[in-house]
Amino acid sequence: MATVIIPTPLRKFTNNTAKLNIQATNVQDVVNDLSFNFPELKRHLLDDNGKIRSFVNVFVGDDDIRDLQNEHTSLKDDSVISIVPAIAGGSL
Amino acid sequence: MLNIEQTPLDEMIKDAVRTFPDECCGFLLGKEENNIRTIIKIQVVDNAKEGDKRRRFIISAKDYLKAELFADENNLQLIGVYHSHPNHPAIPSEHDRVAAQPYFSYIILSVMNNEFDHIRSWRLNEQQQFEEEKILIQQLN
């Protein structure tokens, strides 16, 4: 099963669980599983169109899925998927 | 309530003044017990914003992953993010609010004309609005 690492700010939506093992063949499977099991997490992961929010990055290993095949990126049993919130801001 | 130990406070101020007139940024690491957060350490990171950095900051995904790993390996919690507002008060902008994450404390340091002016901390509430978090500076013994 693939390992999914939940970032600190979103762990309150996964019962404070940092790592989850999910049966998945691609990133979309992971998104679907997380959305189903943790509905509160869903609104922080997906926009109104069901797409991964622009402020959320998803990495498979060291690679951003935007540089791979986005949600269609294939996973292996030993894949590590990291959800990475975009951290940004500014005074104006 | 957000306790900040003297050393990380000094390091944040130093970073904010050093990078003036650009915005600085970094991570807050520490502990949370009984809803009281204590900042024990900071991690300074590069402002990854391309071009003009005087009114914007971005932290790269790779730096974020490093901070999570560091917290995990050192038995600390990733508590939030700090950044500076050069020549601007330490009040979050709409841009800060839209990009903010739940749970995290957002410390803002105001630097006026190359000198540290004041510090404030903010957290998102359930309505996705910022609420100020009281800061207590822990003096060294």
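A. Highlighting the pairing of strand β5 (residues 77-86) of chain B. All names here are of chain B. β5 sits mainly inside the fold: nine of its 10 residues count as buried. In this structure, strand β2 (residues 25-33) lies alongside β5, joined through six bridges in antiparallel fashion. Its bridge partner lying in β5, phenylalanine 27 is registered against valine 81. For the segment spanning β5, helix α3 (residues 94-99) and strand β6 (residues 105-112), crossover handedness is right-handed.

B. Here's a closer look at the nonpolar core. Counting residues in hydrophobic clusters, the biggest one holds 52 residues, and the most contacted among them are Val30 and Ile81 of chain A together with Phe27, Leu28, Val81, Tyr82 and Leu109 of chain B. Residues contacting leucine 28 of chain B, with those up to four places away along its chain left out, are Ile39, Ile42, Ile79, Gly80, Val81, Tyr82, Ser105 and Ile107 of chain B.

C. Spotlight on the sheet that holds β5 of chain B. All names here are of chain B. Ordered in space as β8-β7-β6-β5-β2-β3-β1-β9, the eight strands form an open sheet in which the pairing is mixed. The two strands at the open ends of the sheet, each matched to only one other strand, are β8 (130-133) and β9 (135-138). For this sheet, the mean inter-axis angle between neighbouring strands, taken without regard to orientation, is 35 degrees. Here four bridges tie strand β1 (residues 2-5) to β9, and the two strands are oriented parallel to one another. Residue glutamate 5 lies in a different strand from β9, and its bridge partner there is glutamine 138. Lying over the sheet, helix α1 (residues 6-19) contacts β1, β2, β3 (36-45), β5, β6, β7 (115-124) and β9, oriented at roughly 40 degrees with respect to β3. The strands touched by helix α2 (residues 61-73) are β2, β3 and β5; relative to β5, the strand with the most contacts, the crossing angle is about 135 degrees.

D. Layout of the interface of chain B and chain A. Each side of the interface is counted separately: chain B has 24 residues, and chain A has 18 residues. For the side of chain B that touches chain A, the elements supplying multiple residues, two or more each, are β4 (57-59), α2, β5 and α3 of chain B. Among the elements that take part in the side of chain B that touches chain A, β5 of chain B stands out by supplying five residues, more than any other. Among the residues forming the side of chain B that touches chain A, the class breakdown is 12 nonpolar, seven polar and five charged. Bridge count between strand β6 (residues 87-89) of chain A and β4 of chain B: three bridges; the pairing is antiparallel.

E. Local environment of unusual backbone geometry. Each neighbour pair has its own omega, and for phenylalanine 20 of chain B with proline 21 of chain B the value is 10 degrees, a cis peptide bond. With respect to the helices and strands, proline 21 of chain B occurs in the loop between α1 and β2. In this model, asparagine 15 of chain A sits at a positive phi of 55 degrees, which is unusual for a non-glycine residue. Position of asparagine 15 of chain A relative to the elements: it lies in the loop between β1 (2-5) and β2 (19-22).

F. Main features of the confidence of the model for chain B. Model confidence for chain B is summarised by a mean pLDDT of 95, while 99% of its residues fall at 70 or above. Under the prediction, the complex receives an ipTM of 0.89, its pTM being 0.93.

G. Region of interest: the sheet that holds strand β4 (residues 63-64) of chain A. On the basis of which strands lie adjacent, the open sheet formed by five strands has the order β2-β1-β5-β3-β4 (chain A) and mixed pairing. The open sheet has two free edges, formed respectively by β2 and β4 of chain A, since each of these has just one partner strand. As paired strands, β1 of chain A and strand β5 (residues 80-85) of chain A are joined by three bridges and run parallel to one another. Its bridge partner lying in β5 of chain A, isoleucine 5 of chain A is registered against serine 82 of chain A. Strand contacts of α2 of chain B: β3 (56-60), β4 and β5 of chain A, with the helix running at about 110 degrees to β5 of chain A, the strand carrying the most contacts.

H. Fine view of helix α1 (residues 27-37) of chain A. Residues and elements named next belong to chain A. Those residues of α1 not exposed but buried are Val27, Val30, Val31 and Leu34. Buried positions in α1, seen along its axis, are confined to an arc of 100 degrees and lie on one side of it. The inward-facing, buried residues of α1 abut β1, β2, α2 (39-45), β3 and β5.

Here is what the cut-offs are and how they apply
Residues numbered from 1 in each chain as written. Chains lettered and ligands numbered in written order. Predicted model: local features only at pLDDT ≥ 70, side-chain atom pairs only at ≥ 80, totals over all residues. Buried ≥ 20, exposed ≤ 12 C-beta atoms within 10 Å, placed from the backbone. Helix = DSSP H or I, 4+ residues; strand = E, 2+ residues; numbered from the N terminus. Pairing = 2+ DSSP bridges. Right-handed = clockwise from strand over helix to strand, strands pointing away. Core = buried A, V, L, I, M, F, W, Y, C linked by C-beta atoms within 7 Å. Contact = placed C-beta atoms within 7 Å. Axes fitted to C-alpha atoms, helices over the stretch in contact; angles between N-to-C directions. Nonpolar A, V, L, I, M, F, W, Y, C, P; charged D, E, K, R; others polar. pLDDT = per-residue confidence, 0-100. Arc of directions from axis to C-beta.

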